Amino acid sequence: MEMRVDHLTRLYELKDKDVQELIKHFSSVLKTIVKSLNVSVSEDIESLMVAFNKSVEMVRSPMAHFDVYTFLPHLRSHENYLRPLILHSGGRNAVSMVFGVPTVRRQQQTYLIQTLINIVSNMNQTEQKDSLIVVMIGEIDQEYTQQVTAEIKNRLPEAVSSGLLDIIAPSPEYYPDFNKLRITLGDSEDRVRWRSKQNLDYVFLMMYCQPKGSFYVQLEDDVVAKPQFHTIMKKTALQRIADGQEWFILDFCRLGFIGKMMRCSDLPWLIQFIVMFYNDKPGDWLLDGMMETKACNLEKDFRDCRKRKDEIWVTFRPSLFQHIGTRSSLNGKIQLLKDSLFKKSVNVKRINKIRGK
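Fair warning: this is a prediction, and the values are worked out from it, not measured in the lab.

Trainee: Please explain the overall build of the protein chain as it appears in this structure.
Mentor: Tallying secondary structure elements over the protein chain gives twelve helices and ten strands in all. Relative to its full complement of 357 residues, the protein chain shows a buried share of 50%. At a minimum sequence separation of 6, the contacts of the protein chain that also span at least 24 residues come to 76%. Carbon and sulfur atoms make up 52% of the accessible area of the protein chain, which totals about 18,600 Å².

Here you go:
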């Protein structure tokens, strides 16, 4: 019931923009009729027209509950820059699980198609119908985004036609001037630009995914998953909710941002935090910083902080996702990290035992 209420709230927020457009249209039509009839209108009708015009300003846009404009001021007078370019969408929403997969152009090897095939093949039909995979191509080169979209449609035709896959890209004007970033953490200019853009890609993807389902899972474009991962994650979350156990993140992979699961209704917290500090730290560091802010008492020691964070950032074992890429999207960076808790097969009986069943 809690998940259904959250979803209805998100649907209401989605319809705000439609209501705004209808109000504008009605007000315009009403003015045209009055003018064409060449008649004077009563004070009541005049008040109604004024009220409608004012209500246009009051109705929120879909992104209005995210204060991105303070930290990305170039968007302040251009709300349309936050609207995604929909390269493909089946219009699916009201699912349990939304999986966000950001991807960018890589100089050498790409893993996106391999990742998507693996994710889809490790879900059964029931799981696929209860899921939405959103691929966000973090590039403004339209030729490239169309090329990636065509390849996804060619290699995963059933997933595309069924509505399982959405493919989006940002407006070219979404990104700020990355040449004006502050240099932080002693990193090179290239690395600061890379991680700052990556953070804004996360933000854009999460804003699109937030109203689409009950739970959001952050993935990357170079991972593989275990069979039944959807069912395991959903059951784990619902069981904790039913048991009244507090949580903010369910962690199904120990590496970076991979496999981090949140309620969609909690995403605005993370979106806002990343937007505020996108220039300062990598996204996974910001996630850890937000959790420390939520959980820790500065008058206590590190062990107390760790304990409190573990209560709301719950790690699942064994891991359900593994990082497979070796070439980072940052040119020249080699990424060899692997999750030692990932095993090739999942023992369901052991999983149930770990969960206390």
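Trainee: What is the right way to look at the pairing of strand S8 (residues 260-263) in this model?
Mentor: Regular strands place their side chains on alternate faces of the sheet. Of the two faces of S8, both are covered, the one formed by Lys260 and Met262 as well as the one formed by Met261 and Arg263. Across four bridges, the pairing between strand S5 (residues 213-218) and S8 is antiparallel. The residue of S8 that forms the bridge with Val217 is Met261. In the sheet, strand S7 (residues 249-251) pairs with S8 via two bridges, with the strands oriented antiparallel. Bridging across to S8, Asp251 finds its partner in Lys260.

Trainee: What exactly am I supposed to notice about the packing of aromatic side chains here?
Mentor: Aromatic rings in a pair are described by how distant their centres are and how their planes are angled relative to each other. Taken as a whole and assessed by the stated rule, the structure comprises nine aromatic pairs. Judged by centre distance (5.8 Å) and plane angle (45°), the rings of Tyr175 and Phe178 are tilted. For the residue pair Tyr175 and Phe178, the accessibility class agrees, reading buried in each case. Taken together, Tyr174, Tyr175, Phe178 and Phe204 form an aromatic cluster joined through their ring pairs. A cation sits over an aromatic face here: Arg263 above Trp247, 4.3 Å from the ring centre. Lys294 extends its terminal NZ or CZ atom over the ring of Trp269, reaching a point 4.4 Å from the ring centre.

Trainee: Even after reading the chapter, I still don't get the side chain of Lys226, so can you show me in this structure?
Mentor: In this structure, Lys226 sits in the loop between strand S6 (223-225) and helix H8 (229-242). Here the side chain of Lys226 touches Ser319 through a polar contact of 2.6 Å, landing on its backbone oxygen.

Trainee: How should I be thinking about the packing of helix H3 (residues 112-121) against helix H5 (residues 142-155) in this particular structure?
Mentor: Two elements in contact, H3 and H5, have axes separated by 11 Å at closest approach and are oriented at 35°. Taken as a pair, H3 and H5 cross one another with a handedness that is right-handed. The residues of H5 that touch H3, namely those facing Leu112, Ile113, Leu116 and Ile117, are Val148, Glu151, Ile152 and Arg155. Across the contact of H3 with H5, the residue classes tally to six nonpolar, no polar and two charged.

Trainee: Would you explain H8 in this entry?
Mentor: Helical geometry: 3.6 residues make up each α-helical turn, so side chains three or four residues apart lie on a common side. The end-to-end C-alpha distance of H8 is 20 Å, a good match for the 20 Å that 14 residues give at a rise of 1.5 Å each. Taken together, the buried positions of H8 are occupied by Phe229, His230, Ile232, Met233, Thr236, Ala237, Arg240 and Ile241. Gly244 sits one or two residues past H8 and shows a positive phi near 75°.

Trainee: Can you walk me through a nonpolar patch on the surface in this structure?
Mentor: On the surface, a cluster of nonpolar side chains totalling about 260 Å² of accessible area is made up of Val29, Ile33 and Leu37. Relative to the helices and strands, Ile33 is located in helix H1 (residues 2-37). Residue Ile33 is classed as partly exposed on the basis of its relative accessible area, which comes to 44%.

Trainee: So what exactly am I meant to see when it comes to the pairing of strand S3 (residues 131-137) here?
Mentor: Most of S3 sits out of view: seven of its seven residues are buried. Alternating positions in S3 separate into two faces, Ser131, Ile133, Val135 and Ile137 on one and Leu132, Val134 and Met136 on the other, with burial throughout. Both S3 and strand S4 (residues 165-169) contribute to a ladder of four bridges, which runs parallel. By the bridge assignment for S4, Ile133 is matched with Leu165.

So, how was this worked out
Residues numbered from 1 in each chain as written. Predicted model: local features only at pLDDT ≥ 70, side-chain atom pairs only at ≥ 80, totals over all residues. Heavy atoms only, no water. Helix = DSSP H or I, 4+ residues; strand = E, 2+ residues; numbered from the N terminus. Buried < 20%, exposed > 50% of the residue type's maximum accessible area, 1.4 Å probe, protein only. Contact = heavy atoms within 4.5 Å. Areas by Shrake-Rupley, 256 points an atom, 1.4 Å probe, with all protein chains shown as cover. Pairing = 2+ DSSP bridges. Phe/Tyr/Trp six-rings, centres within 6.5 Å; stacked < 30°, edge-to-face > 60°. Lys NZ or Arg CZ within 6 Å of the ring centre and 35° of its normal. Polar contact = N/O pair within 3.5 Å; in protein donor to acceptor, adjacent residues only side chain to side chain. Axes fitted to C-alpha atoms, helices over the stretch in contact; angles between N-to-C directions. Left-handed = near helix turned anticlockwise from the far one by under 90°. Nonpolar A, V, L, I, M, F, W, Y, C, P; charged D, E, K, R; others polar. Expected span 1.5 Å × (residues − 1). Patch = residues over 30% accessible without salt bridge, like charges linked within 9 Å, V, L, I, M, F, W, Y side chains within 5 Å. Salt bridge = Lys/Arg side-chain N within 4 Å of Asp/Glu carboxyl O.

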